[in-house]
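Given next are the chains, with one letter for each unit.
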Amino acid sequence: MRVLVTGGAGYIGSHTVVELLLQKQEVVIIDDLSNAKEEVLRRIQTITGKTPIFYRGQVQDEALLTSIFKVHPFDAVIHFAGYKAVGESVEKPLKYFENNLLSTIVLLRVMEQFNVKKLVFSSSATVYGTPTKMPLTEADPIGGTTNPYGATKFMNELIIKDYCVAHPEMAATMLRYFNPIGAHPTGLIGEDPQGIPNNLMPFITQVAIGKRPHLNVFGNDYPTRDGTGIRDYIHVVDLALGHVASLEKMQHAAGYVVYNLGTGKGTSVLELVHAFETANQVSIPLQIQPRRSGDIAENYADCTKSNRELGWVATRTLVDACRDSWKWQSKNPSGYES
Ligand code: UD1
């Protein structure tokens, strides 16, 4: 299969590219490098022995995208490219709506022009907004998102869904990720946030390496077993393999489908910190802070549907993820700039 991977130089994109190349698929990446480094391509080469074809640019650059489709007869597209910083999206909503929505619209238009009928979209558990019950199934209501980033994930799902109504021959799969953590077990690729990390695991690894003095725990008064927030942390390699399984499934089935990709298990902030300390024999100093605005007490997936229909299951443990995140961070103290 020839696959276009938008945002393929990013955290989840690069891990997915590795798994596709290992399964002998041909991969073309388009990425504007707004939140990624070209060095990742060399690392992918080291892991897989293959260099993906790379175009630097934006998906919504229709002339560029058209020229790429002209050269490569794609069988499928995986669409990761998008801005993803929740806080920044609140400050700059138009930047998020313009980039994250326009890219999908242009992509669908060019796919249509070149008769490409398979699309996997990088969605998020954020589309469930503020849920009222756990675990979350794909049939639970979506919308009520709490920030522009989350709204773009929800709106992109709607755009693709309506497009599929008009084009019943399309196969489109929405993958709703829970909380991706971990890195490739080689320690060669991983999450490389710019500035102060927003998410928990990159913050923990930066404390472990001595870049930050302590971890701020946002709230210990939630109605959870230890008072801290509960999330469903999934190893990024398992997540990547979920994309490979989706592409496989789409070989045989058209239509619009949605899958949760998680482990089905909830882990608290303190449990993750302790797992990290034990797995890596390091100590993570903590300070309890007030709750972070917009956070919910708990969020975890029911993955029955993805397990059953994709024949996929997250097999890597929390300890694997903690070990791999730390291997990546300690081998690359300043990320890809190291
Ligand atoms: C966040 C985004 C979500 C996005 C996801 C991508 C928000 C409100 N939500 O999810 O839209 O899809 O990242 O991975 O930002 N925590 C701390 N200290 C920290 C950082 C986090 O205690 O320094 C806690 C949080 O309160 C939460 C848990 O750790 O309980 C996980 O936080 P985070 O990694 O930011 O993910 P989400 O908030 O679940």
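Residues numbered from 1 in each chain as written. Predicted model: local features only at pLDDT ≥ 70, side-chain atom pairs only at ≥ 80, totals over all residues. Heavy atoms only, no water.

Colleague: What am I meant to see in the nonpolar core here?
Modeller: Side chains of nonpolar character tend, in soluble globular proteins, to be buried together. Core analysis: the biggest nonpolar cluster contains 42 residues, and Leu20 and Leu261 have the highest contact counts within it. When sequence neighbours within four positions are dropped, the list of residues in contact with Leu20 reads Val3, Val5, Gln25, Val27, Ile78, Val244 and Leu247. The next biggest cluster of nonpolar side chains, apart from the first, holds 25 residues, and it includes Val59, Phe74, Met111 and Met174. (Core = buried A, V, L, I, M, F, W, Y, C linked by side-chain atoms within 4.5 Å. Buried < 20%, exposed > 50% of the residue type's maximum accessible area, 1.4 Å probe, protein only. Contact = heavy atoms within 4.5 Å.)

Colleague: How should the packing of aromatic side chains be read in this particular structure?
Modeller: Each aromatic ring pair is characterised by the separation of its centres together with the angle its planes make. The tally for this structure, following the rule as stated, stands at 5 aromatic pairs. When the ring of Phe69 is compared with that of Phe114, the centres are 5.7 Å apart and the planes differ by 40°; the resulting orientation is tilted. Highlighted residues: Phe69 in helix α3 (residues 62-71) and Phe114 in the loop between α5 (93-113) and β5 (118-124), separated in sequence by 45 residues. Where Phe276 meets Trp326, the ring centres are 6.0 Å apart and the plane angle is 75°; that geometry is what we call edge-to-face. Pair noted here: Phe276 is in helix α9 (residues 269-280) and Trp326 is in helix α11 (residues 318-331), with a separation of 50 residues, a long-range link. The pair formed by Phe276 and Trp326 is uniform in burial state, with each residue classed as buried. Among the aromatic side chains, those forming a connected cluster through ring pairs are Phe69, Phe74 and Phe114. Sitting over the ring of Phe203, Arg212 keeps its end group 6.0 Å from the ring centre. When the ring centre of Tyr222 is taken as reference, the NZ or CZ atom of Arg291 above it lies at 4.1 Å. (Phe/Tyr/Trp six-rings, centres within 6.5 Å; stacked < 30°, edge-to-face > 60°. Helix = DSSP H or I, 4+ residues; strand = E, 2+ residues; numbered from the N terminus. Lys NZ or Arg CZ within 6 Å of the ring centre and 35° of its normal.)

Colleague: When you look at the packing of helix α1 (residues 11-22) against helix α8 (residues 236-250) in this model, what are you seeing that I'm missing?
Modeller: Working note: a packed helix pair is described by the angle between its axes plus the distance between those axes. Axis separation between α1 and α8 bottoms out at 8 Å; the angle between their running directions is 60°. In terms of axis orientation, α1 runs oblique to α8. In the packing of α1 onto α8, the handedness of the crossing is right-handed. Of the residues in α8, those touching α1 at Tyr11, Ile12, His15, Thr16, Glu19 and Leu20 are Val236, Val237, Leu239, Ala240, Leu241, His243, Val244 and Leu247. (Axes fitted to C-alpha atoms, helices over the stretch in contact; angles between N-to-C directions. Parallel < 35°, antiparallel > 145°, perpendicular 65-115°, else oblique. Left-handed = near helix turned anticlockwise from the far one by under 90°.)

Colleague: I tried to follow the environment of Thr304 on my own but got confused; where do I start?
Modeller: As for its placement among the helices and strands, Thr304 is situated in helix α10 (residues 304-310). Here Thr304 falls in the partly exposed class, since its relative accessible area comes to 44%.

Colleague: Explanation requested: the sheet that holds strand β9 (residues 230-231) in the structure shown.
Modeller: Adjacent strands of a sheet pair through backbone hydrogen bonds, lying either parallel or antiparallel. Read across the sheet, 3 strands follow the order β12-β9-β14 without closing on themselves; strand pairing throughout is mixed. Of all strands in the sheet, those with a lone pairing partner are β12 (267-268) and β14 (298-299), marking the two edges. Looking at chain direction, β9 and β14 are connected through 2 bridges and run parallel. Looking at β14, one finds that Ile230 is bridged to Glu298. (Pairing = 2+ DSSP bridges.)

Colleague: Got a minute to help me understand the side chain of Lys153 in this structure?
Modeller: Along the chain, Lys153 turns up in helix α6 (residues 148-166). No salt bridge is formed by the buried Lys153; its nearest oppositely charged neighbour, Glu157, is found at 8.7 Å. In terms of polar contacts, Lys153 uses its side chain to reach the backbone carbonyl oxygen of Ser122, at 2.7 Å. (Lys, Arg positive; Asp, Glu negative; His and termini not counted. Salt bridge = Lys/Arg side-chain N within 4 Å of Asp/Glu carboxyl O. Polar contact = N/O pair within 3.5 Å; in protein donor to acceptor, adjacent residues only side chain to side chain.)

Colleague: Even after reading the chapter, I still don't get the site of the ligand, so can you show me in this structure?
Modeller: Among the 20 residues in the neighbourhood of the ligand, the closest are listed as Leu200, Asn216, Arg231, Arg292 and Asp295. Within the side chain of Ser124, a nitrogen or oxygen atom sits 3.1 Å from an oxygen atom of the ligand. One of the side-chain nitrogen or oxygen atoms of Thr126 is found 3.3 Å away from an oxygen atom of the ligand. In the complex, the protein chains occlude 88% of the 730 Å² of accessible area that the ligand would expose alone. Elements supplying a minimum of two residues to the shell around the ligand: β7 (179-181), α7 (200-208) and β8 (215-218). For the shell around the ligand, the leading source of residues is β8, giving 4 residues. A class-by-class count of the residues in the shell around the ligand yields 10 nonpolar, 7 polar and 3 charged. (Near = heavy atom within 4 Å. Areas by Shrake-Rupley, 256 points an atom, 1.4 Å probe, with all protein chains shown as cover. Nonpolar A, V, L, I, M, F, W, Y, C, P; charged D, E, K, R; others polar.)

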